[in-house]
Amino acid sequence: MPRIRVMRGIRRLGASSKVKGVTSTDDIPMPPLSARIPGPNVHQPQHPLIAEWRPATADDAAAVHEVFQAMDERDHPNYATTREDVDVELGYSFVDLETDTLLAVTAEGRVAAVGIVLEPPRQETLVREFMNGGVHPEFRGRGIGRELLAWQRTRGEQKLIAADKPLPGWLVGYADRRAPDRERLLVAGGFEVARYFHTMERDLREPIPEVSPTMEVRIVPYTADRADAVHAARDAAFRDHWGSQPLSDEQFAGLVSGTFAPDLSFVALAGDEVAGVLLTEVNEDDWAHQGYTGAYVSTVAVTRPFRGRRIAPSLLRAVLEGCAGRGWDKVVLDVDAENPTGALGLYTGMGFVSTQTETGLVRAY
């Protein structure tokens, strides 16, 4: 999920993987999760620096955002969580603030850490629990993160048991390689490195390749009237990607709101059928930290019947030309290093170079 825009999220996650314990449900019937996970003990965090561990409320959004901003600046200064990102995540209908969130509050009333356990709906081949949040940099290295993760793990197991489906269950966490303590914390908590994601940048000063589809396909700007068709095409295209599940309507609405840039997002149409999609975000608040201007491509997807027709590079050409025409410096995206569609080679061929890496870690059931 890479930049989580669940928080930057939603991206990203087929049912096949290299994580021990995950088996295709097409091959071996699975007992329900409730039969495979022993009832977890509820972990009550304790720490001498923390006066109160309590659920978040909607009124805590500003304090939660402050923690995320501090974490962003320390761990990955090239992109930042917006206040709207926080409002969206805390406001999801599938997040119960009372049971799925936890704040670590000091005696002075400062929020030192934030934990969110997020279970997206529409689970077709996999049930995932995302371990979002972390510890404010000023309070790190003192054991608060271990307490927070222990709570998240037991809460995640509770939610997997409650789902009670004959599917693989994952607890999922992400760690930027520039913040190695996060990866060490997750590994110590029983998570295994499962995937690597590369952040790739395209310098817009370099020539943009002349490329077009090899069939009759129109590349048009995204418009809201195509939202349902774009949503369906995105879900269909991502079915063979690592851990990916269909997005709920609520999640898709979050993907095309906030910093979403419809004028730099494009749809490939074969007749009236959506063959491919490229969705873009522009967050000018990121630019000062990044040291350059530009856009972030959150989604590139081509449905299976239309792959190999030069549709994806044509979509990329459209966004590169659009951003270059605005005088911006770069276009950025993230890619699964083992993407089954050959996306890494596609992006390299379009002039993108890898600049950072993020690790996806899983505890599988």
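Keep in mind that what you see is a predicted model, and the values were worked out from it rather than measured.

Attention now goes to the confidence of the model for the protein. Taken residue by residue, the protein gives an average pLDDT of 91. The fraction at 70 or more is 92%. Every residue in residues 1-25 is under pLDDT 50, and counting partners more than four places away or in other chains gives 100 contacts.

Let us look at the environment of glutamate 84. With respect to the element layout, glutamate 84 can be found in helix α3 (residues 83-91). You can call glutamate 84 partly exposed: its relative accessible area is 41%.

Within strand β9 (residues 273-281), eight of the nine residues are buried, which leaves the element mostly enclosed by the surrounding structure. Taken together, the five bridges between strand β8 (residues 266-270) and β9 define a ladder with antiparallel strand orientation. Note that in β9 the partner of alanine 268 across the bridge is glycine 276. Adjacent in sequence and paired antiparallel, β8 and β9 are bridged by two residues, among which glycine 271 carries a positive phi angle near 70°. Taken together, the six bridges between β9 and strand β10 (residues 294-302) define a ladder with antiparallel strand orientation. By the bridge assignment, leucine 279 is partnered in β10 with threonine 299.

A few words now on the side chain of aspartate 60. Secondary-structure assignment places aspartate 60 in the loop between β1 (52-54) and α2 (61-75). Accessibility expressed as a relative area gives 10% for aspartate 60, which makes it buried. With sequence-adjacent residues up to four places away left out, aspartate 60 is seen in contact with Arg54, Pro55 and Leu103.

This part covers the sheet that holds strand β12 (residues 353-364). Strand order in this open sheet of 12 strands is β1-β2-β3-β4-β5-β12-β6-β11-β10-β9-β8-β7, and the pairing throughout is mixed. Of all the strands in the sheet, just β1 and β7 (218-221) have a single pairing partner and so form its edges. The sheet shows a mean angle of 20° between the axes of neighbouring strands, taken without regard to direction. Across four bridges, the pairing between strand β4 (residues 127-135) and strand β5 (residues 169-176) is parallel. For phenylalanine 130, the partnering residue across the bridge sits in β5 and is valine 172. Helix α6 (residues 180-188) contacts β4, β5, β6 (192-203) and β12 of the sheet and is inclined by roughly 155° relative to β5.

So, about the pattern of salt bridges. Under the defined criterion, the tally for this structure stands at 24 salt bridges. The closest approach of N and O atoms between glutamate 52 and arginine 54, which form a salt bridge, is 3.9 Å. Taking the relative accessible area as the measure of exposure, glutamate 52 reaches 39% and is therefore partly exposed. Given a relative accessible area of 22%, arginine 54 falls into the partly exposed group. A salt bridge links arginine 195 to glutamate 338; the nearest nitrogen and oxygen atoms lie 3.8 Å apart. Of this pair, arginine 195 sits in strand β6 while glutamate 338 is found in the loop between β11 (330-336) and α11 (343-349), placing the two residues 143 residues apart along the sequence. When its relative accessible area of 8% is taken as the criterion, arginine 195 is described as buried.

The rules behind each value
- Position labels on residues start from 1 in each chain and follow its written sequence.
- In keeping with the model being predicted, local features are shown solely for residues with a pLDDT of at least 70 and side-chain atom pairs are shown and tallied solely at 80 or more, while totals for entire chains, interfaces and linings include all residues.
- Hydrogens and waters are ignored; side-chain quantities use all the structure's heavy atoms.
- pLDDT measures how confident the predictor is about each residue, on a scale from 0 to 100.
- When checking whether two residues touch, look at their non-hydrogen atoms; a contact exists if any pair is within 4.5 Å.
- The way it works is that DSSP assigns letters per residue, a run of H or I at least four long becomes a helix, a run of E at least two long becomes a strand, and they are numbered from the N terminus.
- Buried residues are those whose accessible area, probed at 1.4 Å on protein chains only, stays under 20% of the maximum for their type, while exposed residues exceed 50% and partly exposed ones sit between those limits.
- Here the rule is simple: two strands pair whenever DSSP picks up at least two bridges between them.
- Axis angles are defined between N-to-C directions and span 0 to 180 degrees, where every axis is a line fitted to C-alpha atoms and, for a helix, only to the segment in contact.
- Definition used for salt bridges: Asp or Glu carboxyl oxygen within 4 Å of a side-chain nitrogen of Lys or Arg.

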